[in-house]
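Below are the chains, spelled out letter by letter.
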Amino acid sequence: MNELDHQLEKILITEDEIKKKVQELADEIDTAFPPGEEIIMICILRGAVVFMADLARCLERQVTFDFMDVSSYGSGTVTSGVVRIIKDLEEDISGKNVLIVEDIIDTGLTLKYVVKVLKTRKPARLKVVTLLDKPERRVTEFKADFNGFAIPDMFVVGYGLDYAQKYRNLPYIAVLKASVYS
Ligand code: 5GP
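Residue positions within a chain follow its written sequence, with the count starting from 1. The predicted origin of the model limits local features to residues at a pLDDT of at least 70 and limits the giving and counting of side-chain atom pairs to 80 or more, whereas totals for whole chains, interfaces and linings rest on all residues. Note: side-chain values were computed over all heavy atoms of the structure, leaving out hydrogens and water.

Asks: Lay out the overall build of the protein chain in plain terms, naming residues and giving numbers.
Replies: Put simply, DSSP marks the helices as runs of H or I at least four residues long and the strands as runs of E at least two long, and each gets a number from the N terminus on. Broken down by element type, the protein chain carries four helices and nine strands. Going from the N terminus to the C terminus, the protein chain shows its helices and strands as β-α-β-α-β-β-β-α-β-β-β-β-α. A globule of 182 residues ought to have a C-alpha radius of gyration of about 16 Å, and the protein chain, at 16 Å, matches this closely. C-alpha extents for the protein chain along the principal axes are approximately 50 × 35 × 25 Å. Each residue is assigned to one of three classes by its accessible area relative to the maximum for its type, calculated with a 1.4 Å probe on protein chains only: buried under 20%, partly exposed between the two thresholds, exposed over 50%. For the protein chain, buried positions account for 48% of its 182 residues. Contacts between residues were defined by any pair of non-hydrogen atoms, one from each residue, lying within 4.5 Å. Taking contacts inside the protein chain between residues at least 6 apart in sequence as the whole, the part at least 24 apart equals 67%. The sign given to each residue is positive for Lys and Arg and negative for Asp and Glu; His and the chain ends receive no count. A charge is said to be at NZ when it belongs to Lys, at CZ for Arg, at CG for Asp and at CD for Glu. Taking the average place of the 24 positive charges on the side chains of the protein chain and the average place of its 29 negative ones, the gap between the two points comes to 5 Å. The globule rule used here is 2.2 Å times the number of residues to the 0.38 power, and the radius of gyration it is set against is calculated over C-alpha atoms.

Asks: Which residues make up the state of the cysteines, and what values go with them?
Replies: Disulfide: a pair of cysteine sulfur atoms within 2.5 Å of each other. For the structure shown, the criterion picks out zero disulfides. Free cysteine: Cys43, not disulfide-bonded; nearest cysteine sulfur from Cys58 at 15 Å. Since its relative accessible area comes to 0%, Cys43 is described here as buried.

Asks: Any chance you could break down the packing of helix H1 (residues 15-32) against helix H2 (residues 49-58) for me, citing the residues and the numbers?
Replies: The geometry of H1 relative to H2 is characterised by a closest axis approach of 9 Å and an angle of 60 degrees between their N-to-C directions. When the axes of H1 and H2 are compared, the pair comes out oblique. Along this stretch, H1 crosses H2, giving a crossing that reads as right-handed. Contact residues: Val22, Gln23, Leu25, Ala26, Ile29 and Asp30 in H1; Phe51, Asp54, Leu55 and Cys58 in H2. Axes, fitted as lines to C-alpha atoms, cover a helix only where it is in contact. Angles between the N-to-C directions of the axes lie from 0 to 180 degrees. Small angles under 35 degrees read as roughly parallel and large ones over 145 as roughly antiparallel, with 65 to 115 read as roughly perpendicular and the rest as oblique. Crossing handedness is defined as follows: a turn of the near helix away from the far one that is anticlockwise and smaller than a right angle gives a left-handed crossing, while the clockwise case is right-handed.

Asks: Describe the sheet that holds strand S8 (residues 156-157), with residues and values.
Replies: Here, any two strands with at least 2 DSSP bridges between them count as paired. The sheet built from three strands is open, its strands ordered S1-S9-S8 with antiparallel pairing. Where the open sheet ends on each side, the last strands, each with one partner, are strand S1 (8-13) and S8.

Asks: Describe the site of the ligand, listing the residues and the values that go with them.
Replies: Around the ligand sit 16 residues in total, of which Asp106, Thr107, Thr110, Val156 and Asp162 are the nearest. Polar contact criterion, stated in full: a pair of N or O atoms within 3.5 Å, where within protein one must be able to donate a hydrogen and the other to accept it, and residues adjacent in sequence count only if both atoms are side-chain atoms. Between an oxygen atom of the ligand and a main-chain N or O atom of Asp106, the distance comes to 2.8 Å. Contact distances for the ligand include 2.9 Å between an oxygen atom and a side-chain N or O atom of Lys134. For every accessible area listed, the method is Shrake-Rupley and the probe measures 1.4 Å; residues are considered covered only by the protein chains on display. Burial of the ligand by the surrounding chains reaches 91%, relative to a free accessible area of 510 Å². Of all the secondary-structure elements, those providing two or more residues to the shell around the ligand are strand S5 (97-105) and helix H3 (109-119). Sorting elements by how many residues they give to the shell around the ligand places S5 first, with four residues. We define proximity as follows: a residue is near a molecule or strand when any one of its heavy atoms falls within 4 Å of that partner.

Asks: Explain the pairing of strand S9 (residues 173-176) residue by residue, including any values.
Replies: With four bridges connecting them, S1 and S9 associate as antiparallel partners. Within the sheet, the bridge partner assigned to Ile11 lies in S9 and is Ala174. In the sheet, S8 pairs with S9 via two bridges, with the strands oriented antiparallel. Looking across to S9, one finds that Val156 is bridged to Val175.

Geometric descriptors of this kind do not, in isolation, establish any biological role.
See below:
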């Protein structure tokens with residue numbers, strides 16, 4: 001998709017900026033976990049798929065993948081405030097190094113819930129990486145261990161993030177026109 005789609009306002013973060021940031025995050029993560037030890041990367045479906053695929057290839061160690069689907073949004077842009085697990089992990093994470101990979105933290109409700117649930121399974125270490133963060137929108141206190149870009153309160157799509165399941169394959173992060181969802 002070369003031209004900016006008519007529903008998109010502007011490009012907020014370019015492909016090059018994302019690429020650079022993903023490598024920086026991978027370096028931070030490699031330093032934070034014990035050298036040489038394997039990490040289970042947990043992708044929060046579906047928005048974090050693209051980010052996790054790129055991040056995994058920048059890490060200098062063995063990693064395995066697992067996936068969790070948690071709902072807090074419908075097909076629109078407003079959080080329901082209710083979090084539930086739609087698909088749980090396949091792997092036992094007790095005693096393991098675990099990295100939760102998220103696309104964006106908004107209210108903080110999703111990750112607060114996921115971290116609480118996964119901590120009860122006694123991983124050796126549990127850390128969270130997010131590509132994007134909207135700190136202004138928090139309704140509950142939550143901070144990831146590794147943060148990509150802080151962005152203003154705007155609805156964004158691309159690089160895995162969708163609007164009504166579209167735009168996930170954009171290589172950049174773009175702002176959706178407010179007229180599309182208001
Ligand atoms: P939270 O529980 O932190 O409010 O919600 C996090 C989830 O909301 C993200 O994983 C993502 O699915 C969705 N979300 C929050 N802000 C945006 C946004 O600007 N664009 C898109 N596409 N999804 C968002």
